[in-house]
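Letter by letter, the chains look like this.
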Amino acid sequence: MLKNDLFLRAARGEATERTPVWLMRQAGRILPEYRALRGRLSGFKELVETPALAAEVTIQPIDALDVDAAIIFSDILVVPDAMGLPYEMVEARGPLFPNVIKSAADVEKLRIPDPEEGLGYVLEALRITKKALNGRVPLIGFAGAPWTILAYMVEGHGSKTFSKARGMLYREPALAHQLLAKITATTIAYLKAQVAAGAQVVQVFDSWAGILPPDHYREFSTRYITEITEALAPLVPVTVFAKGAWWAVEDFAATSCRTIGLDWNQDPAQVRLQAGNKTLQGNLDPCALYGTPEQVKAATETMLRKFAGGPHIANLGHGVYPDTNPDNVRVFVDTVKAWRG
Ligand SMILES: O=C(O)CCc1c2[nH]c(c1CC(=O)O)Cc1[nH]c(c(CC(=O)O)c1CCC(=O)O)Cc1[nH]c(c(CC(=O)O)c1CCC(=O)O)Cc1[nH]c(c(CCC(=O)O)c1CC(=O)O)C2
């Protein structure tokens, strides 16, 4: 039994006494207790791949920030890793894939892993977290959208343009579809296993959605996200967060996802008109948290006002930035909790 089910009810589209709140990237570098634990380890991968530690940092923001949901501490890049394309997390630089996908033979070699074998450490972290949470708040599972995962697999690292990945869609569309189909099959099995391990909502992150033109987005991304939502929606509410893809809202509204995530470039009132009865999640600019406490409160209230008229889960428009003062995150959370719009 959940002691606080506000997030879950809002994610199902039900009315709630107040707006629930959590933050993308709430576990991690903003918290001193995370940095202390992380400092004792060899690196990010050790933390992600040690279930008891991943569970511990998942729960840190529940204690420190009093948010209404936990999100499993992991990364979208565990999926390519399990498919046979390992990543390294280079300190202060980000992810790096020593091998990248260049040819049909490379795609051929990728596995569609059994989640318990390839990603058992995430599933174990979910089981430990679920038990330790003891019903305090719901637990969110997640994965990257196939397009965003392809972007990393082809590019090999973060990029301003992702021009190799975008180029592939023009040069070798059939190969891109083969790769996307394999990632999609892996992701569906993985998210279903996350649900079996205790995830009560799943979120699909299409972080690099906004770099595609809308027609390519429909062909190479929406289609695969739709497959994922169709497979998961009978089990748990699904959230789709496609950063920068403001033109995709109506397409997502036609899928069986339950919640649509908004980044800070989107106008909540306009999205409301396009999104039917979906729950909306977002969308404070992470930079708003650099203000004074009074400024944070005012920006949060302005944001809340814009979401009036339907179910809302308060969040930022993307992950919280690592140099954000946790005290300001608490102001954000407390302002949402006090709001009766
Ligand atoms: O810029 C790039 O290309 C790579 C970014 C990057 C990734 N993992 C990474 C890094 C390095 C870094 O953040 O410094 C490496 C990474 N992943 C994570 C952390 C923790 C933190 O940010 O402090 C870190 C940095 C960890 C550290 O250095 O100790 C954890 C993570 N990644 C992710 C999530 C899910 C979420 O966002 O809530 C979560 C869990 C959050 C939680 O439990 O509260 C998902 C993720 N990872 C990643 C992406 C792609 C988009 C992006 O953020 O640029 C996305 C999806 C997204 O946020 O849109 C890739």
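Residues numbered from 1 in each chain as written. Predicted model: local features only at pLDDT ≥ 70, side-chain atom pairs only at ≥ 80, totals over all residues. Heavy atoms only, no water.

Per an unreviewed UniProt entry, the protein chain goes by the name Uroporphyrinogen decarboxylase and belongs to Hymenobacter arizonensis. UniProt, in the comment section headed Pathway (unreviewed entry), describes the protein chain in these words: "Porphyrin-containing compound metabolism; protoporphyrin-IX biosynthesis; coproporphyrinogen-III from 5-aminolevulinate: step 4/4." UniProt annotates the protein chain under Sequence similarities (unreviewed entry) with the comment "Belongs to the uroporphyrinogen decarboxylase family." (UniProt positions renumbered as here; feature names shortened; annotations may be inferred.)

Right, let's talk about the sheet that holds strand β4 (residues 139-144) for a bit. Within the open sheet, the seven strands sit side by side as β1-β4-β5-β6-β7-β8-β9. Their pairing is parallel. Of all the strands in the sheet, just β1 (70-71) and β9 (312-316) have a single pairing partner and so form its edges. When β4 meets strand β5 (residues 201-206), the two strands line up parallel, connected through five bridges. In the sheet register, glycine 144 faces β5, and the bridge partner there is phenylalanine 205. (Pairing = 2+ DSSP bridges. Helix = DSSP H or I, 4+ residues; strand = E, 2+ residues; numbered from the N terminus.)

What follows is about the environment of glycine 43. Along the polypeptide, glycine 43 turns up in the loop between α2 (32-39) and α3 (44-49). In this structure glycine 43 comes out as buried when scored by relative accessible area, which is 10%. For the pair glycine 43 and arginine 330, spaced 287 residues apart in the sequence, the C-alpha separation amounts to 28 Å. (Buried < 20%, exposed > 50% of the residue type's maximum accessible area, 1.4 Å probe, protein only.)

For the rest of this paragraph, the subject is the environment of glycine 120. Its location among the elements puts glycine 120 in helix α8 (residues 120-133). Given the relative accessible area of 15%, glycine 120 is considered buried. Separated by 91 residues in the primary sequence, glycine 120 and isoleucine 211 have C-alpha atoms spaced 32 Å apart. Every residue in contact with glycine 120, bar those within four places of it in the chain, is listed here: Pro115 and Arg127. (Contact = heavy atoms within 4.5 Å.)

Moving on to the packing of aromatic side chains. For the structure on display, the rule yields eleven aromatic pairs. Look at phenylalanine 205 and phenylalanine 241: their rings are 6.1 Å apart centre to centre, the planes differ by 80°, and that puts the pair in the edge-to-face class. Here phenylalanine 205 is found in strand β5, whereas its partner phenylalanine 241 is found in strand β6 (residues 238-242), with 36 residues between them in sequence. Across this residue pair, the class does not change: phenylalanine 205 and phenylalanine 241 are buried. Note on tyrosine 290 and tyrosine 321: the rings are 6.5 Å apart at their centroids and 25° apart in plane angle, and the pair reads as stacked. Residue tyrosine 290 is found in the loop between β8 (279-284) and α15 (293-306), and its partner tyrosine 321 is found in the loop between β9 and α16 (326-338); the two are separated by 31 residues along the sequence. Exposure remark for tyrosine 321: the relative accessible area of 28% places this residue in the partly exposed category. Ring pairs connect the aromatic residues Tyr34, Phe44 and Phe73, which therefore count as one cluster. Over the face of the ring belonging to tyrosine 87 we find lysine 45, whose NZ or CZ atom lies 4.4 Å from the ring centre. Its end group placed over the ring of tryptophan 264, lysine 243 keeps NZ or CZ at 4.7 Å from the ring centre. (Phe/Tyr/Trp six-rings, centres within 6.5 Å; stacked < 30°, edge-to-face > 60°. Lys NZ or Arg CZ within 6 Å of the ring centre and 35° of its normal.)

Asparagine 283 follows glycine 282 through a cis peptide bond whose omega is -10°. Mapped onto the fold, asparagine 283 is located in strand β8. Despite not being glycine, arginine 25 has its phi angle at roughly 65°, a positive value. What makes arginine 25 exposed here is its relative accessible area of 52%. The phi torsion at asparagine 134 lies on the positive side, around 50°, for a residue other than glycine. With respect to the helices and strands, asparagine 134 occurs in the loop between α8 and β4. Since its relative accessible area comes to 53%, asparagine 134 is described here as exposed.

The feature "site: Transition state stabilizer" (unreviewed entry), as given by UniProt, occupies Asp75 in the numbering adopted here. On the secondary structure map, aspartate 75 appears in the loop between β1 and α5 (78-83). Classification of aspartate 75 as buried rests on a relative accessible area of 13%. With near-sequence residues (within four places) excluded, aspartate 75 lies in contact with Phe44 and Phe142. A polar atom in the side chain of aspartate 75 sits 3.1 Å from the backbone nitrogen of leucine 77. (Polar contact = N/O pair within 3.5 Å; in protein donor to acceptor, adjacent residues only side chain to side chain.)

With that settled, consider the site of the ligand. By nearness alone, 25 residues border the ligand, and Tyr34, Arg38, Asp75, Ser207 and His318 come closest of all. Backbone polar atom of arginine 29 to an oxygen atom of the ligand: 2.8 Å apart, as the coordinates give it. Between the ligand and the protein, one listed contact pairs an oxygen atom with a side-chain N or O atom of serine 207 at 2.4 Å. When isolated, the ligand has an accessible area of 990 Å², and the protein chains bury 87% of it. Across the shell around the ligand, the residue classes tally to 14 nonpolar, seven polar and four charged. (Near = heavy atom within 4 Å. Areas by Shrake-Rupley, 256 points an atom, 1.4 Å probe, with all protein chains shown as cover. Nonpolar A, V, L, I, M, F, W, Y, C, P; charged D, E, K, R; others polar.)

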